[in-house]
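Coordinate inspection notes
So the chains spell out like this:
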Amino acid sequence: MSSAISATTPIELVQEVYARLPERVASGRERFGRGLTLAEKILLNHLRDAEQDVERARTYNDFGPDRVAMQDATAQMALLQFMTAGLPEVAVPSTVHCDHLILAKEGAALDLKFALDTNSEVYEFLRTVSAKYGIGFWKPGSGIIHQVVLENYAFPGGMMIGTDSHTPNAGGLGMVAIGVGGADAVDVMTGFPFNVRWPKLIGVHLTGALSGWSSPKDIILKVAEILTVKGGTGAIVEYFGPGADSITATGKATVCNMGAEIGATTSLFPYDDNMAAYLRATGREAIADAAESVRGDLRADDAVLADPSAHFDQVIEIDLDQLGPMINGPHSPDRAHQLADVGDAARQEGWPLDISSALIGSCTNSSYEDITRAASIARQAKAKGLRARTQLMITPGSEQTRATIERDGLLADLEGIGGTVLANACGPCIGQWDRPDLDPSKLNTIVNSYNRNFPKRNDGNANTLSFVTSPDTVIALALAGTLDFDPRTDTLTNEAGEEVRLDPPVGEALPQGGFAAGEDTFQAPPVDRSAVEVVVDPQSDRLQLLEPFEPWDGRDYSELPILLKAQGKCTTDHISAAGPWLKYRGHLENISGNLYLGAVNAFTGEVGTGKDPLDGETRPFPEIAKRLHEAGQGWVAIGDENMGEGSSREHAAMEPRFRNAKVILARSFARIHETNLKKQGLLPLTFADPATYDEIGEDDRISVHDLGALAPDTPVRGTIHKPDGATVDFEAHHTFSPEQVEWFKAGGALNIIRQKQAG
Ligand code: MIC
Ligand code: SF4
């Protein structure tokens, strides 16, 4: 296996996938009695057993993905779990990418040096564990996982999983790329199938073409407005139509990337000339040639295009000619505004119009094309006597992109209007941002080209109002210094006091001089791996070896106290915050110190604190959880809609499990979080009647009955016990498949792998 671990996808792997594609597609058409969408073709081609029963939104199916990618903040827990399985090497090509742990403060060079210093123990662990188990290792400074994957590994018609919710970025190259928790990655790396429910299909028909100030980001901001943060749950979003083919590969990746924000399983575009051009420009001519030979099978069938509604569960029409620039926020990525209207909305809502910081980058928008467009605005702005009126920061997506935009003078253009270039990493997108000059007691507005804008996400400050938009709009707003500016209609006053207007951005899809290689940041696993030692210091406060969780004891859950009833949004950022807590991502006990710190207590409206059922005192949630754990007392957490929205981080499931949670009851769950809970042996349930949520009081207890009979498609019965002895019975739903019921009984999926490996 480790021979296949290189800095690119070997052509043999691609050829293998394409070799079985035509036949799987043909038999799929026969089986369904109709034409196939692209997503269906790729899924059918990656079924472990081609004959498996398949039904949308119903069957759980076993897939064999072509690769696994992990970023440093999630890889630690994934690989700590992998280590306990006792295998000599990973069963599928896998890579680790160091991108999340770099704090943005002074600029690229100093920040990277600081990160290497402060995270040396974790990097060393990841480097050696990768070397030991045959995993490719991308060092700090190599760039954001999804950009590195797009530039090196993604290929049309492939299937991959990644321990990060924005893994669907690779859909820009026509890949089914799914974000998962670490335990799912462990399945695949240990040779087990990837098990996921066969998705529904949402088709997005794109007509017309983008122009002027509109860019691919506006497509997904529009889709987020239409579908909302939960509208894509359990679905693959497939783009098609002439508008789809008019977008560059990196533009398509932007759209697919942010599909994570609508909860979609993944998003993808059909193979086209833009993808071929991108593959060729990134040194993958052989893959482009191979893709050409199965071109028809890398696009939806004509029958689908002729009658989309007969093939998709839902069809959305977007005319790109009519699509204007958009900006979404604050606090939720689906809170959409037309750029022209956001100033009025801000005045109405009391959001500061003044912008405190403008940021370009993240895995969503940091491609060569993105930077050329932004730089084109910067160049003309400088020529017209303008400068950024707010802090402006740029994070290149990868070392290759950074080296190329530096060579082509684009970084200089951005610096020319006052921009600062940060390290090739996630940085402020994940709270790795030190803002010493900010007064945290005052509201402040930031604009960025990122994807998520939940409270506290970027700088840990709940008073920061974050708006997501395209890099073009970020630059325009940075030059204006205010939200209330539309470059299509408004003018700016330059240094000489003249009114000037910005021309629309112009971009280049691919560098004319080819990509510059930049620094070599890849480490292949050594041929002889026997001598590699993986060290985890028992005294470490950043890494901790994992102990298997206890199996279920066969007893029903009786009168469990409630640790938390969350009100409104309870995303993974609310459950297990990132930013300063990222340093504990390899230490389950320490990171459990952040459990539910961002959650809003439905009984009090307070954030992060609740009533301790043991003594009635008010304490931070993680402290109560620790006390319950130490007292051997199981507990329940209650969530509202779309519980666990956002990240793939399985810490949001492992922490409650570690602290002795038994049941997580919610109105609804985000897909990855729900799976993560099941994987760790927890019981995620949804209220059959959403109003049951309202019935639950602070001092109530919850019972769940007949767990021995837990079975697919059968509701679970529960009881709410009131302090005065009254009881309210309720019904709850779940999505356990027969196999997943076994995870529950074993105390987590990993225990099953361990047993199989041992036995
Ligand atoms: C994010 O964007 O929230 C993250 C940080 O990339 C996460 C992964 C993590 O929490 O480590 C994600 O999107 O899955
Ligand atoms: Fe990194 Fe932000 Fe992308 Fe997550 S969304 S991978 S934190 S850049």
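Overview of the structure. (Residues numbered from 1 in each chain as written. Chains lettered and ligands numbered in written order. Predicted model: local features only at pLDDT ≥ 70, side-chain atom pairs only at ≥ 80, totals over all residues. Heavy atoms only, no water.)

Time to look at the site of ligand 2. The environment of ligand 2 is formed by His100, His146, Asp164, His166, Ser362, Cys363, Cys426, Cys429, Ile430, Asn451 and Arg457. Tallied by class, residues from the shell around ligand 2 come to 4 nonpolar, 5 polar and 2 charged. (Near = heavy atom within 4 Å. Nonpolar A, V, L, I, M, F, W, Y, C, P; charged D, E, K, R; others polar.)

What follows covers the sheet that holds strand S3 (residues 94–97). In spatial order, the strands read S6-S5-S2-S3-S4-S21; together these 6 strands make up an open sheet with mixed pairing. The strands lining the two open edges of the sheet, one partner per strand, are strand S6 (176–179) and strand S21 (522–523). Of the strand pairs in this sheet, strand S2 (residues 67–71) and strand S5 (residues 159–163) are connected by 4 bridges, and their pairing is parallel. Bridging across to S5, Arg67 finds its partner in Met160. Across the sheet, helix H6 (residues 145–152) touches S2, S3, strand S4 (136–138) and S5, and the angle it forms with S2 is around 150°. (Pairing = 2+ DSSP bridges. Helix = DSSP H or I, 4+ residues; strand = E, 2+ residues; numbered from the N terminus. Contact = heavy atoms within 4.5 Å. Axes fitted to C-alpha atoms, helices over the stretch in contact; angles between N-to-C directions.)

Those residues of helix H12 (residues 285–293) lying buried are Ile287, Ala288, Ala290 and Ala291. For H12, the angular spread of the buried residues around the axis is 165°, confining them to a single face. Taken together, the buried residues of H12 touch helix H1 (11–32) and helix H11 (273–281). (Buried < 20%, exposed > 50% of the residue type's maximum accessible area, 1.4 Å probe, protein only. Arc of directions from axis to C-beta.)

An order of S22-S25-S26-S27-S30-S29-S28 is seen for the 7 strands of this closed barrel, with the pairing classed as mixed. Between one strand axis and the next, the sheet turns by 40° as a mean value, whatever way the strands run. On the sheet, helix H21 (residues 621–630) packs against strand S22 (557–565) and strand S25 (635–639) and is oriented at approximately 160° with respect to S22.

Of all hydrophobic cores here, the largest spans 134 residues; its most connected members are Tyr18, Leu79, Leu206 and Tyr239. With 7 residues, the single largest contributor to this core is helix H3 (residues 72–83). If we ignore the near neighbours within four places in the chain, the residues touching Leu79 are Met70, Val96, Leu126, Val129, Ile135 and Met189. Ranked by size, the runner-up nonpolar core spans 43 residues in total, among them Ile355, Ala358, Ile371 and Ala375. (Core = buried A, V, L, I, M, F, W, Y, C linked by side-chain atoms within 4.5 Å.)

Taken across its 8 residues, helix H2 (residues 38–45) has 8 buried, putting it largely inside the fold. Along H2, the residues that are buried comprise Leu38, Ala39, Glu40, Lys41, Ile42, Leu43, Leu44 and Asn45.

Let us look at the packing of helix H8 (residues 216–227) against helix H10 (residues 249–257). Between H8 and H10, the least distance of the axes is 8 Å, while the angle of their chain directions is 20°. One element, H8, and the other, H10, form an angle in the roughly parallel class. In this structure, H8 meets H10 at a crossing whose hand is right-handed. Note on element contacts: H10 touches H8 through Gly251, Thr254 and Val255, opposite Pro216, Lys217, Ile219 and Ile220. Here the residues of the contact of H8 with H10 sort into 4 nonpolar, 2 polar and 1 charged. (Parallel < 35°, antiparallel > 145°, perpendicular 65-115°, else oblique. Left-handed = near helix turned anticlockwise from the far one by under 90°.)

Moving on to unusual backbone geometry. Excluding glycine, residues mostly carry a negative phi; peptide bonds, for their part, are mostly trans. Following Gly329, the chain continues into Pro330 via a peptide bond in cis, with omega recorded as -10°. Within the secondary structure, Pro330 is located in the loop between strand S12 (326–328) and strand S13 (336–338). For Asn642, which is not glycine, the phi torsion reads 55° and is therefore positive. Along the chain, Asn642 turns up in the loop between S25 and helix H22 (651–658). By relative accessible area, Asn642 is classed as buried at 5%. Of note, the phi angle at Asp706 is positive, near 55°, even though the residue is not glycine. By the secondary structure assignment, Asp706 is in the loop between strand S28 (701–704) and strand S29 (716–721).

Okay, the environment of Gly28 next. Tracing the backbone through its elements, the reader meets Gly28 in helix H1. Under the relative-accessibility criterion, Gly28 is labelled buried at 2%. Considered as a pair, Gly28 and Asp313 are 285 residues apart in the sequence and their alpha carbons are 18 Å apart. Apart from the residues within four sequence positions on either side, Gly28 is in contact with Leu36 and Leu44.

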